[in-house]
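Listed here are the chains, written in short residue letters.
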Amino acid sequence: MNRRTLLSHASLAAGATVLATSAVRAQESPRKIKMGFVGCGGRGGFVAEIFKEDGGYEFAAAADYFEDRVKGFGEKFGVPADKRFTGLDGFRKVLASGIDAVAIHTPAYFHPAQCEEAIAAGKHVFVAKPVAVDVPGSLTVGELGRKATAQKLVMLVDFQSRGNAVFQEALSRVKRGAMGELTYGECIYEFGTLPAQVAEEKTAEDRLKNWVQHKSLSGDICVEQNIHSLDITAWAFGPPVRATGFGSRRVKTGPGDTCDHYNVLFEYANGGSVSFMSRQYNAWGAPGLVIKNRHFGTKGALETDFGGLVNLRAEDAKNVFRGKTDGLYKEGSVQQVRIFRENITGGKFDNATVPNAVETNLLCLFARFAAEQKRTVTWDELLKDTRRAEPDLSGLKA
């Protein structure tokens, strides 16, 4: 069972009531939003189910590099055969097909360029995390959020925790000072080995199928997977000023160049610090999945699990909060799909998820940057890093 399957099975029941209510409201809308879907793999198909259950969307077009994927997706969701596109340029055909909005679930490397073309084409954008695999791409997405607002378009980044009411309440209290001054934290993401889709890469298409195994396409484990735990740290603490870190590939085998562990210390302007720890290989009976944050302040403490308990303890009793997020993997996206629809139909274009997602993305890249440099690095150095990911796309069809 892979990471996404494990999380989705744990969350199916919890989102049912929300889905039912959301679907009723969607049916009251005068017109369904014509959606195009770019990326028809595991996550794309999972979120498409949520769009379908919401009831406020029409499946108007779809694209995936691989023909079998877009064909299966189109047959399942009723996308007309002449609105199913393949190849690297398939997403452009989706944008030109008369849609109102597009959902992007391609490898993260493609997100900035695809979002940019979608905004330029006047389409609302629903995009998966992470928003980019390098600093220039992250900053581009931040600028696109501002452009979308100016053009009266909705741009939403699908972060499950950010779309969850329990996390929102706990972190809003933290931001209002419930914990006093934040002093120390632990950010942990542990998981087993993600198997390659193709065991032995022989073609460019094999590399694309194995995109999550390649830093240039996925950003590495600290960006593509660990972003869920690092998002809570970014939400609570904001950007750090320095980081010292280490990461390497010692246990994982098979294709690709992603690391299998990271250890990074983030330092903050107020003297606080957060230690980030990541492991992605099968660890001889250790828990298969741990996504946990423990943050402490001068007047309280916050402990969170991704799909579990969110517990805010505080010196002042009125700041204490406790909730559960057992259905987070699905329920968070259910909320985001609903918000996306309501923002489009209600003409709300603040696009607040974009700067939050960019800040978290940069924190993930900061961890990787510190490990690559093998020295203490600063946040300002990161923001000046103009290197762009350059995956090998030779041999792929347009």
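Since this is a predicted model, take the numbers as computed values, not measurements.

Analysis parameters
- Residues numbered from 1 in each chain as written.
- Predicted model: local features only at pLDDT ≥ 70, side-chain atom pairs only at ≥ 80, totals over all residues.
- Heavy atoms only, no water.
- Buried < 20%, exposed > 50% of the residue type's maximum accessible area, 1.4 Å probe, protein only.
- Helix = DSSP H or I, 4+ residues; strand = E, 2+ residues; numbered from the N terminus.
- Pairing = 2+ DSSP bridges.
- Axes fitted to C-alpha atoms, helices over the stretch in contact; angles between N-to-C directions.
- Contact = heavy atoms within 4.5 Å.
- Nonpolar A, V, L, I, M, F, W, Y, C, P; charged D, E, K, R; others polar.
- Core = buried A, V, L, I, M, F, W, Y, C linked by side-chain atoms within 4.5 Å.
- Salt bridge = Lys/Arg side-chain N within 4 Å of Asp/Glu carboxyl O.
- Expected span 1.5 Å × (residues − 1).
- Phe/Tyr/Trp six-rings, centres within 6.5 Å; stacked < 30°, edge-to-face > 60°.
- Lys NZ or Arg CZ within 6 Å of the ring centre and 35° of its normal.

### A look at the pairing of strand S10 (residues 273-280)
Inference 1: For S10, the buried fraction is high: six of the eight residues fall into the buried class.
Inference 2: Bridging between strand S7 (residues 182-191) and S10 involves eight bridges; their strand directions are parallel. Looking at S10, one finds that Ile188 is bridged to Met277.
Inference 3: Strand direction decides the pairing type here: strand S9 (residues 261-267) and S10, joined by seven bridges, are antiparallel. Residue pairing across strands places Phe266 opposite Val274, the latter belonging to S10.
Inference 4: With antiparallel pairing between neighbouring strands as the criterion, S9 and S10 make up a hairpin whose turn holds five residues, including Gly271 at a positive phi of roughly 95°.

### Comments concerning the packing of helix H8 (residues 165-175) against helix H12 (residues 227-237)
Inference 1: In contact at an axis separation of 9 Å, H8 and H12 are set at 35° when each is read in the N-to-C sense. Taking contact as the criterion, the partners of Phe167, Gln168, Leu171, Val174 and Lys175 in H8 are, on H12, Ile232, Trp235 and Ala236.
Inference 2: Each residue belonging to the contact of H8 with H12 can be placed in one class, and the counts come to six nonpolar, one polar and one charged.

### Here we look at the nonpolar core
Inference 1: If you look at the biggest cluster of nonpolar residues, it comprises 113 residues, and the most contacted ones within it are Phe51, Phe266 and Phe340.
Inference 2: Considering each element in turn, this core owes the most residues, twelve residues, to helix H14 (residues 353-373).
Inference 3: Contacts of Phe51, omitting those with residues within four sequence positions, involve Met35, Phe37, Tyr57, Phe59, Ala103, Phe126, Val337 and Phe340.

### With respect to the sheet that holds strand S1 (residues 33-38)
Inference 1: Ordered by their spatial adjacency, six strands build an open sheet running S3-S2-S1-S4-S5-S6, and the pairing between neighbours is parallel. The open sheet is flanked by strand S3 (84-85) and strand S6 (155-158), the only strands paired with a single partner.
Inference 2: Pairing between strand S4 (residues 101-104) and strand S5 (residues 124-128): four bridges, direction parallel. Pairing of Val102 across the sheet is with Val125, part of S5.

### A closer look at unusual backbone geometry
In most cases, non-glycine residues show a negative phi, while peptide bonds are predominantly trans.
Inference 1: Geometrically, the link from Lys129 to Pro130 is a cis peptide bond, its omega value of -15° lying close to zero.
Inference 2: Relative to the helices and strands, Pro130 resides in the loop between S5 and helix H7 (135-150).
Inference 3: Positive phi, normally seen in glycine, also occurs at Trp284, with a value near 50°.
Inference 4: Residue Trp284 is classed as exposed on the basis of its relative accessible area, which comes to 74%.
Inference 5: At Asn351, a position not held by glycine, the phi torsion is positive, near 50°.
Inference 6: Along the polypeptide, Asn351 turns up in the loop between helix H13 (328-346) and H14.

### So, the sheet that holds strand S12 (residues 300-305)
Inference 1: On the basis of which strands lie adjacent, the open sheet formed by nine strands has the order S14-S13-S12-S11-S7-S10-S9-S8-S15 and mixed pairing. With partners counted over all chains shown, the strands left at the sheet margins are strand S14 (321-324) and strand S15 (377-378), one partner each.
Inference 2: Most of the contacts of H12 go to S7, to which it runs at about 170°, and overall it touches S7, S9, S10, strand S11 (289-297) and S12.
Inference 3: Contacts from H14 reach strand S8 (242-248), S9, S10 and S15, with the element oriented near 70° to S8.

### Here's the deal with the pattern of salt bridges
Inference 1: Counting across every chain of the model gives 26 salt bridges.
Inference 2: With a closest N to O distance of 2.7 Å, Lys76 and Glu49 form a salt bridge. Residue Lys76 is found in helix H4 (residues 67-77), and its partner Glu49 is found in helix H3 (residues 42-54); the two are separated by 27 residues along the sequence.
Inference 3: Overall, Glu49 belongs to the partly exposed group, its relative accessible area being 25%.
Inference 4: A salt bridge links Asp350 to Lys348; the nearest nitrogen and oxygen atoms lie 4.0 Å apart.
Inference 5: Asp350 gets classed as partly exposed once you look at its relative accessible area, which sits at 45%.

### Description of the side chain of Ser138
Inference 1: Residue placement: Ser138 occurs in helix H7.
Inference 2: Accessibility expressed as a relative area gives 0% for Ser138, which makes it buried.
Inference 3: For Ser138, the residues in contact, after removing those within four places along its chain, are Ala132, Val358, Asn361, Leu362 and Leu365.

### Thoughts on H14
Inference 1: The terminal C-alpha atoms of H14, which comprises 21 residues, lie 30 Å apart, in line with the 30 Å expected from a rise of 1.5 Å per residue.
Inference 2: Where burial is concerned, most of H14 is hidden: 15 out of the 21 residues are buried.
Inference 3: Within two residues after H14, Lys374 carries a phi angle of roughly 55°, on the positive side.

### Thoughts on the packing of aromatic side chains
Aromatic ring pairs are described here by two measures, namely the spacing of the ring centres and the angle between the planes.
Inference 1: In this structure the tally under the stated criterion is 17 aromatic pairs.
Inference 2: Taken together, a centroid distance of 5.4 Å and an interplanar angle of 85° make the contact between Phe37 and Phe51 edge-to-face. One end of the pair, Phe37, is in strand S1; the other, Phe51, is in helix H3, with 14 residues separating them in the sequence. Note on accessibility: Phe37 and Phe51 belong to one class, buried.
Inference 3: Taking the centre distance of 5.1 Å and the plane angle of 45° together, the rings of Phe46 and Tyr329 count as tilted. Of this pair, Phe46 sits in helix H3 while Tyr329 sits in helix H13, placing them 283 residues apart in sequence.
Inference 4: Given the relative accessible area of 4%, Tyr329 is considered buried.
Inference 5: Taken together, Phe37, Phe51, Tyr57, Phe59, Phe73, Phe77, Phe126 and Phe340 form an aromatic cluster joined through their ring pairs.
Inference 6: We note Arg43 situated over the ring of Tyr329; from NZ or CZ to the ring centre the distance is 5.0 Å.
Inference 7: Note that Lys209 overlies the ring of Phe66, its terminal NZ or CZ placed 5.1 Å from the centroid.

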